[in-house]
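Each chain, written out:
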Amino acid sequence: TNNPPCFSASHCFCRRKHTFILNRLHPYRLMSTVNSEKLSSARFAEATDAFVEKFTASVAFDQRMAQQDIQGSLAHAKMLCEIGVLTSEESDAIAVGLNQISKEVAGGTFTWSIKQEDVHMNIEARLTQLIGIAGKKLHTGRSRNDQVATDIRLYLRDAIKAICLELLRLQTAIVDLAAQHTQTIMPGFTHLQVAQPVTFGHHLMAWFEMLCRDFDRLQDCRKRVNIMPLGAAALAGTSYPINRHLTAELLGFSKPSANSLDSVSDRDFAIEFTAAASTIMMHLSRFSEELVLWASAQFNFVDIPDAFCTGSSIMPQKKNPDVPELVRGKSGRVTGHLIALLMLMKSQPLAYNKDNQEDKEPLFDTVDTLLDCLRAYADMVPYLQANKPRMYQAAQQGFATATDLADYLVRKGLAFRDAHEAVGQAVRLGLETGRDLSQLALDELRNFSLLITEEVYQVLTLEGSIAARNHVGGTAPEAVAKAIADARTTIGDESNLL
Ligand code: ARG
């Protein structure tokens, strides 16, 4: 009788009289559009609010894990039969029903319903519709909490494989291109200033190395993805005598997880995967930045094939490097997903919380984005055209062989710091008179050190400079050829893992 009205915002669900009844989403209005097919309805006196039903449903996006969900259920039913919880008739009927559902999903004829909230309940409801009472027994000894954790891990395991295959394709394209350019000279940069000459093959092989570590990271992450949460049930395990080793084996997991609370709650494996994905995207964004620079008229080092570029709607002369630019942009999006997942997990108490339903969209988009970007690169790299004369010419500018001259003086007995000083003076003369070091006369060079003699000009050539760096990891054509041979072995080893 003396209940004061509620002044809180439109989403308040208290039973008091609300003063802000004009809002479209006001609970009293929503309560009139309730639905009656509520999940686990026995416990509830009223149906779920229609907006809440939509708000809490995940079927729109988690239906993507339908095949993994079916895979998990097939293994679970088989195990329940082995331990005598299901009869073989029941388990066979479940298998027949699930296989039909798998076909319906694959063929696009499965009817997804928001009333069933998520992928798990949709499939279970359809199963019961198809096979009757046995369908209702499938959920014995499990919960959607361990089910969803299992589905994501199965999904991610497949995704990692697909990504690694694309990584391999890109690595192969890079190595093939590098093999054509072990002798192609270009300037190497630090601070984006000409530093020392390198070969284009050597530069390409730097990209290859980054992708090798990316491949390793994904394979390492897979070890922790490939552990089975099924059997943890809601959070505390189950009172049925389940055989988790059997289910793990049926699903190809390396082992069952060790703690039920941890199994249903943590998504660190997804965070780890997204971190590895962000690192790949960061690498792709670096390649992209270089390609964008190199394709510019000012650099003019490479030509990106027309098929990977677009024009401008206003400037007829433009050929824009859209693919690298878009990949560079998409790297931000994937890193955003990493942060979203970290923030999702942060401060969650044990065990499962509905928060975790939010893990899927960032994860799926990470997989899609990464696969698309890798695919675009693997398709494009074989067609990159290097402009060798232009690269060579650029290497001749900027005193790229200054370090070689200093090393030459050191070999003649000068201390490196003194050699550095002498060469600095020579560079200054070159700058003042608009000439490269190799264009300075012997007399002029001897003004800076009398140790300099005629053969210095061999040292000052680009070819001499790169040939001198003939050690493991160096830019000499011979060293790069060796790196390429090693890379082909690595690619072979990597493909054996998949
Ligand atoms: N759709 C849910 C998710 O993605 C499935 C698990 C639901 N569990 C629960 N107790 N409500 O996380």
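Use the structure listed above.
Let me begin by describing the structure that accompanies this report. (Residues numbered from 1 in each chain as written. Predicted model: local features only at pLDDT ≥ 70, side-chain atom pairs only at ≥ 80, totals over all residues. Heavy atoms only, no water.)

All residues in the neighbourhood of the ligand are listed as S58, D62, D118, H120, R144, N145, V148, Y352, Q357 and K360. Within the side chain of S58, an N or O atom sits 3.2 Å from a nitrogen atom of the ligand. Contact between the ligand and Y352: an oxygen atom at 2.4 Å from a side-chain N or O atom of the residue. Coverage of the ligand by the protein amounts to 86% of the 340 Å² it exposes when considered alone. Tallied by class, the residues present in the shell around the ligand amount to two nonpolar, four polar and four charged. (Near = heavy atom within 4 Å. Polar contact = N/O pair within 3.5 Å; in protein donor to acceptor, adjacent residues only side chain to side chain. Areas by Shrake-Rupley, 256 points an atom, 1.4 Å probe, with all protein chains shown as cover. Nonpolar A, V, L, I, M, F, W, Y, C, P; charged D, E, K, R; others polar.)

The next subject is the environment of A485. Considering the arrangement of structural elements, one finds A485 in helix α21 (residues 477–497). On the accessibility criterion, A485 (44% relative accessible area) is partly exposed. As for A485 and R217, which are separated by 268 residues in sequence, their C-alpha atoms are 22 Å apart. (Helix = DSSP H or I, 4+ residues; strand = E, 2+ residues; numbered from the N terminus. Buried < 20%, exposed > 50% of the residue type's maximum accessible area, 1.4 Å probe, protein only.)

To continue, consider the packing of aromatic side chains. Each aromatic ring pair is described using two quantities: the centre-to-centre distance and the angle formed by the ring planes. Counted according to the given criterion, the structure contains ten aromatic pairs. Pairing F110 with W112 gives two aromatic rings, centres 4.4 Å apart and planes at 50°, and the pair type is tilted. Residue class for F110 comes out buried when judged on its relative accessible area of 8%. Each ring, one from W207 and one from W294, has its centre 6.1 Å from the other, and the planes form 15°; the classification is stacked. With W207 in helix α9 (residues 200–225) and W294 in helix α12 (residues 268–294), this residue pair connects regions lying 87 residues apart in the sequence. Using a relative accessible area of 3% as the deciding quantity, one classes W207 as buried. Here W294 falls in the buried class, since its relative accessible area comes to 3%. (Phe/Tyr/Trp six-rings, centres within 6.5 Å; stacked < 30°, edge-to-face > 60°.)

Shape is all these values report; function is a separate question.
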